[in-house]
Amino acid sequence: MVTESRLPGGVLVQTRGEVRVLRGTQPGAPARTFSSLEYSFGDGLRGHMAAARSDDGIVMFEEGPAFGAVFLHLDAATVEDLEWAGEVLDRSDLPGMADGRARSPLGSGLVRDLDRAFELAVESGEHAGQPGRWLRGARRRGLDERDPELPAADRVEVFVRDADRAVVHARFFVGEEVVQSITVEKVECDVTFPADAFEVDGHGLRRREVQDYVPMWEQIEDTLQRAEARVADGVLRPSRRGGKRKKG
């Protein structure tokens, strides 16, 4: 998948990434996900990240202009805490929080989210020579403009391919200008993954526990505290409770 986004001020951001999802249907294989992403800004800044999630938590590598390269492990309890916090705060920007790409890798989650923000109309058509359905619409009236989860666009168009019902193209507009585009270059289903398909390359770095990496751990702790402050008095993050996990 590749994307292009234009930030305020005209800075262009380009990404190229891949998502692998194993739902646990292969013999002896638990559910696992892997994602990798390379990004670049028009001013020359570049970065790379990769993450894999399993029953043992999340292993991630990130290299960017702000903090350099880091290779981290988030234990399963921390991941569960972050998943809970993401639900409470309606966020998805930290590892462990709900990842719509993994939960609906063919794009159905994206369509559901867009339908909340845009009045989508469906018409038959084609894209890149493939038949399918175009979903087009303007922004719904009465939405809270301060909501950070809403796309910064006043209309959108999405193409859903007939062959596999996958979203393979989307464009977001402000006026006549395309401020973001998403193109899925390849979709494969019913894949038998090799053993190393969910391993993250640390590029020679020693793997550290996230608690030992102050920049991210401070951000995680602040997020979890915000989530606990949002829910009813006495409701704690999952790792601080006894018994079965409950949604706050």
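Here the structure is shown first, and the text comes after it.
Read on for a plain summary of the structure.

Cut-offs used in this document
- Note on numbering: residues in each chain are counted from 1, in written sequence order.
- In keeping with the model being predicted, local features are shown solely for residues with a pLDDT of at least 70 and side-chain atom pairs are shown and tallied solely at 80 or more, while totals for entire chains, interfaces and linings include all residues.
- With hydrogens and water stripped out, all remaining heavy atoms of the structure feed into the side-chain values.
- Every case where a carboxyl oxygen of Asp or Glu lies within 4 Å of a side-chain nitrogen of Lys or Arg is listed as a salt bridge.
- A run of H or I in DSSP becomes a helix once it reaches four residues, and a run of E becomes a strand once it reaches two; helices and strands are each numbered from the N terminus.
- The buried label applies to any residue whose accessible area, calculated with a 1.4 Å probe on protein chains only, is under 20% of its type's maximum; exposed applies above 50%, and partly exposed to all values in between.
- In this description, one arc is meant: the one made by directions from the helix axis to the C-beta atoms.
- The criterion used for residue contact is that any of the two residues' heavy atoms lie within 4.5 Å.
- Strands are treated as partners if at least two bridges between them are detected by DSSP.
- For every element, the axis is a line fit to its C-alpha atoms; helices are fit only across the contacting stretch, and the angle between N-to-C directions ranges from 0 to 180 degrees.
- When two rings of Phe, Tyr or Trp (its six-membered ring) have centres within 6.5 Å they constitute a pair, described as stacked for plane angles under 30 degrees, edge-to-face for angles over 60, and tilted for the intermediate range.
- Distance and angle both matter: a charge sits over a ring if NZ of Lys or CZ of Arg is within 6 Å of the ring centre and within 35 degrees of the ring normal.
- For classification purposes, an angle smaller than 35 degrees is called roughly parallel, one larger than 145 roughly antiparallel, one from 65 to 115 roughly perpendicular, and anything else oblique.
- Definitions for this section: a left-handed crossing has its near helix turned counterclockwise from the far helix by less than a right angle. A right-handed crossing has that turn clockwise.

**A short note on the pattern of salt bridges**
Counted by the stated rule, this structure contains 19 salt bridges. For Arg140, the salt bridge goes to Asp115, with nearest N and O atoms at 3.6 Å. Of this pair, Arg140 sits in the loop between strand S8 (130-138) and strand S9 (155-161) while Asp115 sits in helix H3 (residues 108-117), placing them 25 residues apart in sequence. Ionic pairing is found between Arg161 and Asp164, a salt bridge with its closest N-O pair at 2.7 Å. Note on Arg161: relative accessible area 13%, which makes it buried. Owing to a relative accessible area of 23%, Asp164 belongs among the partly exposed residues under this scheme. Salt bridges here are not isolated pairs; linked through shared partners, they connect Glu123, Arg136, Glu157 and Arg171.

**Brief notes about H3**
Within H3 the residues assigned to the buried category are Gly109, Leu114 and Ala117. Taken end-on, H3 shows its buried residues confined to a sector of 130°, consistent with a single buried face. Packing partners of the buried residues in H3 comprise S8, S9 and strand S10 (167-174).

**Considerations on the sheet that holds S10**
Paired through their backbone hydrogen bonds, the strands of a sheet run either parallel or antiparallel. Reading across from one edge, S7-S8-S9-S10-S11-S1-S2-S3-S4-S5-S6-S12 is the order of the 12 strands in this open sheet, with mixed pairing throughout. With one partner strand each, in any of the chains shown, strand S7 (121-127) and strand S12 (208-209) form the two edges of the open sheet. Pairing of strand S5 (residues 57-64) with strand S6 (residues 68-74) involves seven bridges; the strand directions are antiparallel. Looking at S6, one finds that Val59 is bridged to His73. Each of strand S4 (46-54), S5 and S6 is contacted by helix H1 (residues 76-89), which is oriented at about 95° to S6, the strand it contacts most. Taken strand by strand, H3 contacts S8, S9 and S10, and its axis lies near 25° from that of S10.

**With respect to the environment of Ala66**
Tracing the backbone through its elements, the reader meets Ala66 in the loop between S5 and S6. The exposure class assigned to Ala66 is exposed, which follows from its relative accessible area of 65%. Each C-alpha atom of the pair Ala66 and Leu45 lies 9.9 Å from the other, and the pair is 21 residues apart in sequence.

**Observations concerning the packing of aromatic side chains**
The geometry of an aromatic ring pair is captured by the separation of the ring centres together with the interplanar angle, meaning the angle of the planes. Applying the stated rule across the entire model yields three aromatic pairs. Between the aromatic rings of Trp134 and Phe159, the centroid separation amounts to 5.0 Å while the plane-to-plane angle is 55°, which identifies the pairing as tilted. Taken together, the residues span a long stretch of sequence, with Trp134 in strand S8 and Phe159 in strand S9 at a distance of 25 residues. With a relative accessible area of 9%, Trp134 lands in the buried category. Accessibility expressed as a relative area gives 0% for Phe159, which makes it buried. Across the ring face of Phe173, the terminal group of Arg155 is positioned such that the distance to the ring centre comes to 3.9 Å.

**Examining the packing of H1 against helix H4 (residues 214-230)**
Running from amino to carboxyl end, H1 crosses H4 at an angle of 50°, the nearest separation of the two axes being 9 Å. By the criterion of interaxial angle, the relationship of H1 to H4 is oblique. In this structure, the crossing between H1 and H4 has a hand that is left-handed. Two secondary-structure elements touch here, H1 through Thr78, Asp81, Leu82, Trp84, Ala85, Val88 and Leu89 and H4 through Trp217, Ile220, Thr223, Leu224, Arg226, Ala227, Glu228 and Arg230.

Nothing here speaks to function; it is all geometry.
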